[in-house]
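# A structural walkthrough
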Amino acid sequence: MAGIVTIERHIVEQERKNPGATGELSDLLYQIALVAKIISRSVRRAGLLNILGTTGEINVQDEEVMKLDELALQTMINAFDHSGALCVMASEETPDIIPIPSEFEVGKYTLAFDPLDGSSNVDANVNVGTIFSVHRRVSRGGRGTKNDLLQVGRKQVVAGYVMYGSSTMLVYTTGQGVYGFTLDATVGEFLLSHENIRIPPKGKTYSINTGNRRYWTEGIKKYIDYLEEEDKSTDRPYTMRYIGSLVADFHRTILYGGVFMYPKDMKNPKKPSGKLRLLYEASPLAMVAEQAGGRASDGEMNILDIIPNDLHQRVPLFIGSKEDVDQAEEFLKKYG
Ligand code: P6P
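Attention shifts here to the pattern of salt bridges. Here the structure, examined in full by the defined rule, presents 15 salt bridges. A salt bridge links Lys232 to Glu230, with the nearest nitrogen and oxygen atoms 3.2 Å apart. The exposure classification of Lys232 matches that of Glu230, with both residues exposed. Salt bridges sharing common partners tie together Arg295, Lys322, Asp326 and Glu329.

It is the contact of helix 5 (residues 218-228) with helix 8 (residues 322-335), at a shortest axis distance of 8 Å, that shows an interaxial angle of 135 degrees. What the angle tells us is that helix 5 and helix 8 run oblique. Crossing of helix 5 over helix 8 shows right-handed handedness. Here Glu218, Gly219, Ile220, Lys222, Tyr223 and Tyr226 of helix 5 lie close against helix 8, whose contacting residues are Asp324, Gln327, Ala328, Phe331, Leu332 and Tyr335.

Near the ligand you find twelve residues, and of these Asp117, Asn209, Tyr242, Leu246 and Tyr262 are the closest. Tyr242 is positioned such that a nitrogen or oxygen atom in its side chain is 2.5 Å from an oxygen atom of the ligand. One nitrogen or oxygen atom from the side chain of Lys275 is found 3.0 Å from an oxygen atom belonging to the ligand. Taking 400 Å² as the accessible area of the ligand by itself, protein coverage stands at 84%. The class makeup of the residues in the shell around the ligand is four nonpolar, five polar and three charged. The residue makeup of the shell around the ligand includes at least three contributed by each of domain 1 (7-194) and domain 2 (205-335).

Next up on the list: the domain arrangement of the chain. Taken as a whole, the chain is organised into domain 1 (7-194) and domain 2 (205-335). The junction of domain 1 with domain 2 conceals about 3,000 Å² of combined surface from both sides, 62% of it contributed by carbon and sulfur atoms. There are three salt bridges connecting domain 1 and domain 2. Taking the shortest distance from any N to any O, the salt bridge between Glu290 and Arg154 comes out at 2.7 Å. Counting across the interface, domain 1 meets domain 2 through 18 residue pairs in polar contact (both at pLDDT 80 or more). Contributions of two or more residues to the side of domain 1 that touches domain 2 are made by strand 3 (86-91), strand 5 (109-117), strand 6 (128-136), helix 4 (146-149), strand 7 (158-164) and strand 8 (168-173). Each residue belonging to the side of domain 1 that touches domain 2 can be placed in one class, and the counts come to 21 nonpolar, 18 polar and eight charged.

The rules behind these values
Residues numbered from 1 in each chain as written. Predicted model: local features only at pLDDT ≥ 70, side-chain atom pairs only at ≥ 80, totals over all residues. Heavy atoms only, no water. Salt bridge = Lys/Arg side-chain N within 4 Å of Asp/Glu carboxyl O. Buried < 20%, exposed > 50% of the residue type's maximum accessible area, 1.4 Å probe, protein only. Axes fitted to C-alpha atoms, helices over the stretch in contact; angles between N-to-C directions. Helix = DSSP H or I, 4+ residues; strand = E, 2+ residues; numbered from the N terminus. Parallel < 35°, antiparallel > 145°, perpendicular 65-115°, else oblique. Left-handed = near helix turned anticlockwise from the far one by under 90°. Contact = heavy atoms within 4.5 Å. Near = heavy atom within 4 Å. Polar contact = N/O pair within 3.5 Å; in protein donor to acceptor, adjacent residues only side chain to side chain. Areas by Shrake-Rupley, 256 points an atom, 1.4 Å probe, with all protein chains shown as cover. Nonpolar A, V, L, I, M, F, W, Y, C, P; charged D, E, K, R; others polar. Domains from an automatic or database assignment. Buried area = accessible area lost by both parts, 1.4 Å probe.

As structure tokens, then:
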């Protein structure tokens, strides 16, 4: 693909590869790109518009809602509720499903999203992100239901994220590889900057909040100790990198290799299954990772094979280079 490729051109070219395509999925992707630009503009100007800080409300995750969170949530809902492409939505910020208003047509897709992941970092100007996951509805007709959302990750039709950092990047997959687009704000276009992202089979970096060590199982402790031992023949010790913003930690991991981990906190009643959510964090990132040649696990099974039983179900997450995730699983299998 020569020359300057806008995301619109890329979407058209991807659609042409699928003769049966109706264009509905393309419309959805165009809308995602539009929303990414709008949220990017707000994130960039947050400090000037006094929309930093919190709204004083608490969301379904028992976390303070940042003003930008609320703005990103409303931007997503307003962009998609009348698109005619979706039958139902779900968001990290919303306890139950987000129905399509009765006055609007419904479509054959569902959208689950985290509108602004890592928002607690935004006051410190740390990268934040939007994560999205699209499924084909399973219900026969009418308004979408929770069951249309609670589908196994392997059935996603689109998965990806937007990272608002030193530049704004949109990374997505439709199951035919992973593509990264960088926003050229001067022309308002996402331009293809990473064609066919592939994650190295093994990395030299691990990413975990070591402040939670007291909550780790024996297997995690032994795995981290192993990574920190000196052994040049196996590229050890690994370097530790942890930003505390999932999209930023994940993006670094798929570009450079290595493994990101948010394990279960056995002794932390608040996080017995870890902190990250399956539907709109682990599952979409797992599809991106797998499409880039990596993988994602909850420590025992592939994230993409977990059947969700709740919109906000949390899962432990080990994601990144295949050999590193495999090795983390081996330590957990051996030591618990
Ligand atoms: P901790 C941000 O709040 C977030 O949801 C993810 O973006 C990030 O990976 C994780 O929490 C960080 O959690 O417990 O290390 O601060």
